[in-house]
Amino acid sequence: MKRTMGTMTTHTTRTALITGAGRAAGLGFAVARGLAERGFHVVLTARDASAVEPLAALLRQEGHAVTALPLDLSDRATMDAAAARLTEDFGRLDVLVNNASAMPDFRVLDALDADMDAVRTAMEVSVIGPWALTQALLPLLKAAPAARIVNVASLSAQQIAAGLDLGAPLRSPAYSMAKYMLNALTGVLARALADTPILVNAVDPGNTATHPERGDDADDRTPAESARDIVRAATLGPDGPTGQLFGNTHPAT
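The shown structure was predicted, so the numbers you read here are calculated from the model rather than taken from an experiment.

Predicted confidence across the protein gives a mean pLDDT of 87, with 83% of residues reaching 70 or more. pLDDT under 50 marks residues 3–10. Its contacts with residues more than four places away, or in other chains, come to 9 contacts. Long-range and interchain partners of residues 249–253, a stretch whose pLDDT sits below 50, account for 9 contacts in this model, where long-range means more than four residues apart.

Next up, the structure:
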């Protein structure tokens, strides 16, 4: 929404872009619904636009404002195209949720068995992609009064953060290393944006039942439960923290 004041045009619609939001049972879609319920115009993105459009239509039926866009974190051209569309339609971006993830080595139990192509894929989606997307959307984030960037972390990264003696082989090493690097990127971006109102944090949503085909556990959190922690970090007040990692056992306040 644009409001014209004399010769000046200001953009008043609060907007939130979520990556990896192409699955109805996924965390990204639950985050989108949570932000939409708070009045944001949510932008659902995924590599395949045909996956997000039906989900966008579902949220519209619930009375929410939603846009669906294709966005591939390995393709800078799609990031730039999304930035151009947001610039034209909204002129700002209040929330960026880097939720997209790749776990190409779910059953790998030791780093020495890692497939390097899987490592590259995980790094592209969880580290390089969010880094490049932040660059592409930075003018829009700076145009918002106080934007928030939330990187979706993973408990898997804590195996590495615990120290050199992990106590056990590193499971899903490509995924775990990529999430560890995403946590590091969170701190780097927070420092780089320290002189702006933009807050950058990571959230570990805990074990979440989003992949029944892989065998979710009975005590896993629902996507809606996990999404609440991410929405909380995405809507922190001006005195909120930055450069931090939060989770369901140590939530952002």
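Once that is clear, we can look at the pairing of strand β7 (residues 148–152). The element β7 is extensively covered by neighbouring structure, given that 5 of its 5 residues are classed as buried. Side chains R148, V150 and V152 project from β7 onto one buried face, and the interleaved I149 and N151 project onto a second face that is buried too. In this structure, strand β6 (residues 95–98) lies alongside β7, joined through 4 bridges in parallel fashion. Bridge assignment links V97 to a residue of β7, and that residue is V150. With helix α4 (residues 116–143) bridging β6 and the parallel β7, this β-α-β connection has right-handed handedness.

Bringing α4 into the picture now. The first and last C-alpha atoms of α4 sit 39 Å apart over 28 residues, in line with the 40 Å expected at 1.5 Å per residue. Of all the bends found along α4, the most pronounced is centred on L137 and spans about 60°, while P139, a proline, follows it within four residues.

Okay, the packing of aromatic side chains next. Tallied over the entire structure, the rule returns 0 aromatic pairs. Sitting over the face of the ring of F40, R14 holds its NZ or CZ atom 4.1 Å from the ring centroid.

Cut-offs applied
- Residues numbered from 1 in each chain as written.
- Predicted model: local features only at pLDDT ≥ 70, side-chain atom pairs only at ≥ 80, totals over all residues.
- Heavy atoms only, no water.
- pLDDT = per-residue confidence, 0-100.
- Contact = heavy atoms within 4.5 Å.
- Buried < 20%, exposed > 50% of the residue type's maximum accessible area, 1.4 Å probe, protein only.
- Helix = DSSP H or I, 4+ residues; strand = E, 2+ residues; numbered from the N terminus.
- Pairing = 2+ DSSP bridges.
- Right-handed = clockwise from strand over helix to strand, strands pointing away.
- Expected span 1.5 Å × (residues − 1).
- Bend = angle between axes of the 7 residues up to and from the residue.
- Phe/Tyr/Trp six-rings, centres within 6.5 Å; stacked < 30°, edge-to-face > 60°.
- Lys NZ or Arg CZ within 6 Å of the ring centre and 35° of its normal.

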